[in-house]
Amino acid sequence: MINIAKPLIGSKERELVNQVLDSGMLAAGQKVKRLEEEFCRLCSTRHSIAVNSGTAALHSALYAIGVGPGDEVITTPFTFVATANPILMQGAKIVFADIDESTFNISPQKILEKVTDKTKAIITVDLFGQLCDYDEISKIAERNNLKIIEDACQAVGASYKDRKAGNFGNISCFSLYATKNIMCGEGGVITTNDDELAEKCRRFRHHGQSEATRYQYYDIGYNYRLSDLHASIAVAQVERLEGFTEKRQRNARRLHDGLFGIKGLVLPEEKIGSHVYHQFTIRVTKDFQLTRDELIAHLRTHDIGAAVFYPKPLHMHPHFERLGFKQGDFPVSEMVASQVLSLPVHPEVTEKDISKIVEAIKNA
Ligand SMILES: *Cc1c(COP(=O)(O)O)cnc(C)c1O
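Residues numbered from 1 in each chain as written. Predicted model: local features only at pLDDT ≥ 70, side-chain atom pairs only at ≥ 80, totals over all residues. Heavy atoms only, no water.

Caption draft 1: The nonpolar core, seen in detail. Ranked by internal contacts, the top residues of the largest apolar core, which has 47 residues, are Leu35, Phe39, Ile111, Leu131, Phe174, Leu176 and Ile182. Among the secondary structure elements, those contributing two or more residues to this core are helix H1 (11-23), helix H2 (30-43), helix H6 (134-143) and helix H8 (228-259). The element best represented in this core is H8, accounting for 8 residues. With sequence-adjacent residues up to four places away left out, Leu176 is seen in contact with Leu35, Phe39, Ile182, Met183, Cys184, Gly185, Glu186, Gly187, Gly188, Val189 and Ala234. Counting 38 residues, the second-largest nonpolar core is a separate cluster that includes Leu127, Phe128, Leu265 and Val340. (Core = buried A, V, L, I, M, F, W, Y, C linked by side-chain atoms within 4.5 Å. Buried < 20%, exposed > 50% of the residue type's maximum accessible area, 1.4 Å probe, protein only. Helix = DSSP H or I, 4+ residues; strand = E, 2+ residues; numbered from the N terminus. Contact = heavy atoms within 4.5 Å.)

Put into C-alpha cells, the structure is as follows:
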C-alpha cells in the first residue's frame, strides 16, 4: 500500500527520546527550549513558543491578539476545522471568505468584501504547503488595522521572497501532528517577532503564569505545554526538514510531469514562492473519464492511498450551519471540495511508486 502519509522515525528521534527517559524529567524542560531555539533559527523569528497542538497554537494566538466577544475574524471555509474553532473558543464571530480556485487559498478580494468595523483579525491558511497571497493580504490588513494570524500548520519550510512561513502574520502557528511535514505525534509551535504577543502566549499555555513568577496568576490560561518527550522527537525532525522538503518537491515534480496533459485533471500550481507539498492535490473535473470518487476506488484496488482534503467546506457542516451559514454561500470552496484528490507525495514515496500512481490514473 502506498499510504497518503507516513511519520518517519529515525535513530536521532530515538536517541533524544531516550535521553529524556533517562533524565527522569518528562515535562517541559531543556528539549522544549531546544525546539524553540530550532524554530527561531528555522523561521528567523525572535520568538517561538512550543505548545501541545496546532489548535492550542491558534487558540493562544487569538488570545494574545485580544480577540474576544464582539470581534469578527475572517478566515477560509476550505480548511481543517481547527482553523475556525479557536475563534469560537474566544467567543468571537467567524466570517468566512471564499478561496482562489488555482491555489485553494483565501482570496484577498473576498477578504476585502468581508471587512467591517468589527473585524479584528484574519486567519490565513497556507493550505497544502503553499503560502497565501501575502503581498495583497498584508496591504488589506494594514489599511484596515487588522492583525494576521498565519495558520502555517501545513507549510513549515515554505518561503516567499526569502521570507519563511512563520513570518507572514503578526503571529504564526505550526502543528507537529503525526501526519504533518515534521511531527512528534501531537504538538504545535507559535512564532512571532512581537515581544508582548510572545509573553501572552507563554502565559496562556501555562495556566496564566509567567515563567519568571510562578504561582502568580495574571489571566486565564490553559495547560497547553508540550512535553520534553514530544519536543525531543520534534528537535530531530527539524534537523531533517530540508531533506524531507526536497523529497516532497521532487515527488511533486515527478507527479506533475507524469500527469501533465491528462484530460479532465487540473494539477496544482505553484504561484506564491516555494510550495512544500504537504499535499499534492489535483482536481478531477467532469472531463475526466471517472468521477473523483470512482477514481479513488480505482486507486484503492491498486493499493494507492489517495485521500480527499476536504470533502466538505466548513460552512456546510451542521456545526457551522447552526451559525447561519448554508450551502451556496462559498461557491468556489464548494466546487473545489467536490473535485479535490490528494496523491501520496511524502518523502518515502519512491520513483517506482510515482510511476505506479501515474499509470493507474492513466489507465483509469
Ligand atoms: C493540522 C492542522 C491544524 C491543527 O493542528 P493540530 O496539531 O491537529 O491541533 C490546524 N490547521 C490546519 C490547516 C491543519 O492542517
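Moving on, there is more to tell.
Caption draft 2: Structural context of the environment of Glu38. By secondary structure assignment, the location of Glu38 is in helix H2. Placed 198 residues apart in sequence, Glu38 and Ala236 show a C-alpha to C-alpha distance of 9.9 Å. In contact with Glu38, not counting residues within four places along its chain, are Val238 and Glu239.

Caption draft 3: Representation of the pairing of strand S11 (residues 280-284) within the structure. Within S11, 5 of the 5 residues are buried, which leaves the element mostly enclosed by the surrounding structure. Side chains of S11 alternate between two faces, with Phe280, Ile282 and Val284 and Thr281 and Arg283 buried alike.

Caption draft 4: Quick look at the site of the ligand. Taken together, 16 residues form the shell around the ligand, and within it Gly54, Thr55, Asp151, Ser175 and Lys180 come nearest. One of the side-chain N or O atoms of Thr55 is found 2.5 Å from an oxygen atom in the ligand. Within the side chain of Lys180, a nitrogen or oxygen atom sits 3.0 Å from an oxygen atom of the ligand. When the free accessible area of the ligand is taken as 380 Å², the share hidden by the protein chains comes to 93%. Looking at the shell around the ligand, its residues break down into 6 nonpolar, 8 polar and 2 charged. (Near = heavy atom within 4 Å. Polar contact = N/O pair within 3.5 Å; in protein donor to acceptor, adjacent residues only side chain to side chain. Areas by Shrake-Rupley, 256 points an atom, 1.4 Å probe, with all protein chains shown as cover. Nonpolar A, V, L, I, M, F, W, Y, C, P; charged D, E, K, R; others polar.)

Caption draft 5: Structural view of the packing of aromatic side chains. Summed over all chains, the structure comprises 17 aromatic pairs. Between the aromatic rings of Tyr222 and Tyr224, the centroid separation amounts to 5.1 Å while the plane-to-plane angle is 15°, which identifies the pairing as stacked. By relative accessible area, which is 30% here, Tyr222 ends up partly exposed. For Tyr224, a relative accessible area of 14% puts it in the buried group. (Phe/Tyr/Trp six-rings, centres within 6.5 Å; stacked < 30°, edge-to-face > 60°.)

Caption draft 6: Spatial organisation of the packing of H2 against H8. Close contact between H2 and H8 brings their axes to 8 Å; oriented N to C, the two are set at 30°. Relative to H8, the element H2 lies roughly parallel. As H2 runs across H8, the sense of the crossing is left-handed. Across from Gln30, Lys31, Val32, Arg34, Leu35, Glu38, Phe39 and Leu42 in H2, the residues of H8 making contact are Asp228, Ala231, Ser232, Ala234, Val235, Val238, Glu239 and Leu241. Partitioned by chemical class, the residues of the contact of H2 with H8 number 9 nonpolar, 2 polar and 5 charged. (Axes fitted to C-alpha atoms, helices over the stretch in contact; angles between N-to-C directions. Parallel < 35°, antiparallel > 145°, perpendicular 65-115°, else oblique. Left-handed = near helix turned anticlockwise from the far one by under 90°.)

Caption draft 7: Fine view of the packing of H8 against helix H12 (residues 351-362). Where H8 meets H12, the axes come as close as 10 Å, and the angle between the chain directions of the two elements is 30°. Between H8 and H12, the angle is such that the two are roughly parallel. In terms of crossing hand, the pair formed by H8 and H12 is right-handed. For the pair H8 and H12, contact is made by Asn251, Arg254, Leu255, Gly258 and Leu259 and by Glu351, Ile354, Ile357, Val358, Ile361 and Lys362, respectively. Residue classes in the contact of H8 with H12 are distributed as 6 nonpolar, 2 polar and 3 charged.

Caption draft 8: A look at the sheet that holds strand S10 (residues 265-266). One open sheet accounts for 3 strands, arranged S10-S11-S12; its pairing is antiparallel. A single partner strand is all that each edge strand has here, and the edge strands are S10 and strand S12 (340-343). Here helix H9 (residues 292-301) sits on the sheet and contacts S11 and S12; the angle it forms with S12, its principal contact strand, is near 20°. (Pairing = 2+ DSSP bridges.)

Caption draft 9: Structural context of the pattern of salt bridges. Applying the stated criterion to the full structure yields 17 salt bridges. Lys12 is the partner of Glu239 in a salt bridge, and the nearest nitrogen-oxygen pair spans 2.9 Å. With a gap of 227 residues between them, Glu239 in helix H8 and Lys12 in helix H1 connect regions that are remote in the sequence. Residue Glu239 is classed as partly exposed on the basis of its relative accessible area of 41%. (Salt bridge = Lys/Arg side-chain N within 4 Å of Asp/Glu carboxyl O.)

Caption draft 10: A look at unusual backbone geometry. Omega for the peptide link from Phe309 to Tyr310 comes to 5°, which places this bond in the cis form. For Tyr310, the position within the fold is in the loop between H9 and helix H10 (318-321). With a phi close to 55°, Asn145 is a non-glycine residue in the positive phi region. With respect to the helices and strands, Asn145 occurs in the loop between H6 and strand S5 (147-151). We classify Asn145 as exposed; its relative accessible area is 66%. With a phi close to 45°, Tyr277 is a non-glycine residue in the positive phi region. Structurally, Tyr277 is set in the loop between S10 and S11.

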